[in-house]
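# Residue-level structural notes
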Amino acid sequence: MSNVIAVEPQPVHQVETMRRAKAAGIDLSRLPRHVAVIMDGNGRWARSSNKPRIEGHRAGIKSVREIVRTCRRLEIPFLTLYAFSAENWKRPGSEINALMILLCNFLRREIREMKENNIRLGTIGRIHELPFAVQKALDYARRETAQGEKMLLSLALSYGGRVEIVDAVKKAIQAVREHQLTVDEINPDRFSEFLDTAEMPDPDLLIRTSGEMRISNFLLWQIAYAEIWITPVLWPDFREEHLFEALKDFQSRQRRFGRVDIDGAI
Ligand code: IPE
Ligand code: IPE
Ligand code: MG
């Protein structure tokens, strides 16, 4: 007797991750669509074991890999990672160079797994400010993963929220000049189309590691109604269990978007 299997079975790793998430108390039907992460604390992680800062960045890549995998297995469609801010150019040249090399190596190593898992790589930020070799590596990774339709993994690089908004204003002005738009037609929805994040919904959940209670110029426009979750855990120590904690906490929040709650009790 032959059974026709209509739905492709979920890979065993995915089933396992989902089982662990459920065991951690997560409702898989109410996950955020877009998770954004300020990956902070690499330097402090390194200092705590007397290592150079770059070792912290290197260790942080393991966390990136784990969080990308877990989000993909939970079928979260948008993940945005703050990897290098516009202000991070003020760091010593040696640290910047090391970060750029780590980024290129990461891209080279991860392309295959991204393709296998239907992940598309994207970027936000002023990519043209990055070293040429990094731009080329990003271009290649973007092209190679362009078919991935299950998750958009966006890396924020040379990214600053204020500059993004200013650049968007300039693009809107240009569109008005070219008669593609009138001034009266500009509203928050139309304006969002000029931001680097035009193709994604706003983040539902913003995670920051290392305990800092600030936004550091990340997605200023887009996080208007994001739920914010901050953990003292340093990024290189951040694992699936911490992501589960964040997701569980997210699900316990009541998102009101300015309204009264559902039964008007509050
Ligand atoms: C975050 O870790 C990574 C980047 C900003 C590139 P940090 O390098 O900021 O680590 P801390 O905050 O100094 O511990
Ligand atoms: C924010 O971390 C930028 C990234 C995580 C890439 P920083 O370490 O640069 O932020 P501040 O300086 O503590 O605000
Ligand atoms: Mg930091």
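Just so it is clear, the structure is predicted and the values come from calculations on it, not from any experiment. Residue numbers here run from 1 along each chain, matching the order of that chain's written sequence. The lettering of chains begins at A and the numbering of ligands begins at 1, in the order of writing. Local features are withheld for residues below a pLDDT of 70 in this predicted model, meaning they are given only at 70 or higher, and side-chain atom pairs are given and counted only at 80 or more; totals for whole chains, interfaces and linings count all residues. Computation of side-chain values: all heavy atoms of the structure, hydrogens and water removed.

### Notes on the packing of helix α3 (residues 53-73) against helix α4 (residues 93-116)
A pair of packed helices can be characterised by two numbers: the angle between their axes and the separation between those axes. Lines fitted to C-alpha atoms define the axes here, with helix axes fitted over just the stretch in contact, and angles between the N-to-C directions of these axes take values from 0 to 180 degrees. Secondary structure elements are defined from DSSP: runs of H or I of at least 4 residues count as helices, runs of E of at least 2 residues count as strands, and each element is numbered from the N terminus. Following both chains from N to C, one finds α3 and α4 inclined at 25°, their axes separated by 10 Å at the closest point. Between α3 and α4, the angle is such that the two are roughly parallel. Of the two elements, α3 crosses α4, and the hand of that crossing is right-handed. On α4, the residues touching Arg 53, Ile 54, His 57, Arg 58, Ile 61, Val 64, Arg 65 and Arg 69 of α3 are Glu 95, Ala 98, Leu 99, Leu 102, Phe 106, Arg 109, Glu 110 and Glu 113. Amino acids are sorted into nonpolar (Ala, Val, Leu, Ile, Met, Phe, Trp, Tyr, Cys and Pro), charged (Asp, Glu, Lys and Arg) and polar (every other residue, Gly among them). Taken together, the residues of the contact of α3 with α4 sort by class into seven nonpolar, one polar and eight charged. Each angle is binned into one of four classes, with values under 35 degrees roughly parallel, values over 145 roughly antiparallel, values of 65 to 115 roughly perpendicular, and all other values oblique. Crossings are assigned a handedness: left-handed for a near helix turned anticlockwise from the far helix by less than a right angle, right-handed for a clockwise turn. We call two residues in contact when some of their heavy atoms are within 4.5 Å.

### Points about helix α5 (residues 132-144)
Here α5 is 13 residues long and its end C-alpha atoms lie 18 Å apart, about the 18 Å a rise of 1.5 Å per residue gives. Remark: exposure states derive from per-residue accessible area (1.4 Å probe, protein chains only) relative to the maximum for the residue type, with buried under 20%, exposed over 50%, and partly exposed in between. Those residues of α5 lying buried are Val 134, Ala 137, Leu 138 and Ala 141. Around the axis of α5, the buried residues are gathered within 100° of arc, so they sit on the same side. Exposed residues lying more than 90 degrees from the buried face of α5 are Phe 132 and Arg 143. Of the surrounding secondary structure, the elements contacted by the buried residues of α5 are α4, β3 (119-124) and β4 (151-159). Any helix carries an expected span of 1.5 Å times its number of residues minus one. Directions drawn from the helix axis to the C-beta atoms are what define this arc.

### Considering the nonpolar core
Soluble globular proteins tend to pack their nonpolar side chains together in the buried interior. Leu 79, Leu 81, Leu 107, Leu 153, Ile 207 and Leu 247 are the most contacted members of the largest nonpolar core, which totals 52 residues. At eleven residues, the largest contribution of residues to this core is made by α4. By size, the runner-up hydrophobic cluster in this structure holds 14 residues, among which are Ile 124, Ala 156, Tyr 159 and Phe 218. As used in this record, nonpolar core signifies buried Ala, Val, Leu, Ile, Met, Phe, Trp, Tyr and Cys residues forming a set joined through side-chain atoms within 4.5 Å.

### Re the side chain of Asn 217
Tracing the backbone through its elements, the reader meets Asn 217 in the loop between β5 (205-208) and β6 (227-230). Its relative accessible area of 15% is what places Asn 217 among the buried residues. Polar contacts involving the side chain of Asn 217 include one to the side chain of Glu 87, which spans 3.0 Å. The contacts of Asn 217, once residues within four sequence positions are left out, are Tyr 82, Glu 87, Tyr 159, Gly 160, Gly 161 and Arg 162. Polar contact criterion, stated in full: a pair of N or O atoms within 3.5 Å, where within protein one must be able to donate a hydrogen and the other to accept it, and residues adjacent in sequence count only if both atoms are side-chain atoms.

### Some details on the site of ligand 1
Near ligand 1, the surroundings consist of Met 39, Asp 40, Gly 41, Asn 42, Gly 43, Arg 44, Arg 53, His 57, Ala 83, Asn 88, Arg 91 and Leu 99. The separation between an oxygen atom of ligand 1 and a polar main-chain atom of Gly 43 is 2.9 Å. Take Arg 91: an N or O atom from its side chain is 2.7 Å from an oxygen atom of ligand 1. Only the protein chains shown count as cover for residues, with accessible areas throughout obtained via the Shrake-Rupley method and a probe of 1.4 Å. Calculation on ligand 1 without its partners gives an accessible area of 380 Å², and the protein chains cover 87% of this total. Of the grid points, spaced at 1 Å and generated over the protein atoms alone, those admitting a 1.4 Å probe that cannot get out make up cavities, while open sets with protein on both sides within 12 Å along at least five of seven lines make up pockets; any residue with an atom within 4 Å of a point is treated as lining. Those molecules having more than half of their atoms within 2 Å of a cavity or pocket grid point set are described as sitting in that cavity or pocket. Comparing atom positions with the cavity grids shows ligand 1 to sit within the largest pocket. Elements represented by at least two residues in the shell around ligand 1 include exactly α2 (42-48) and α3. At three residues, α2 tops the list of elements feeding residues into the shell around ligand 1. Within the shell around ligand 1, the residues separate by chemical class into three nonpolar, five polar and four charged. Throughout, the term near means that a residue has one or more heavy atoms lying within 4 Å of the molecule or strand in question.

So, to be careful, I would describe these as geometric facts and stop short of saying anything about function.
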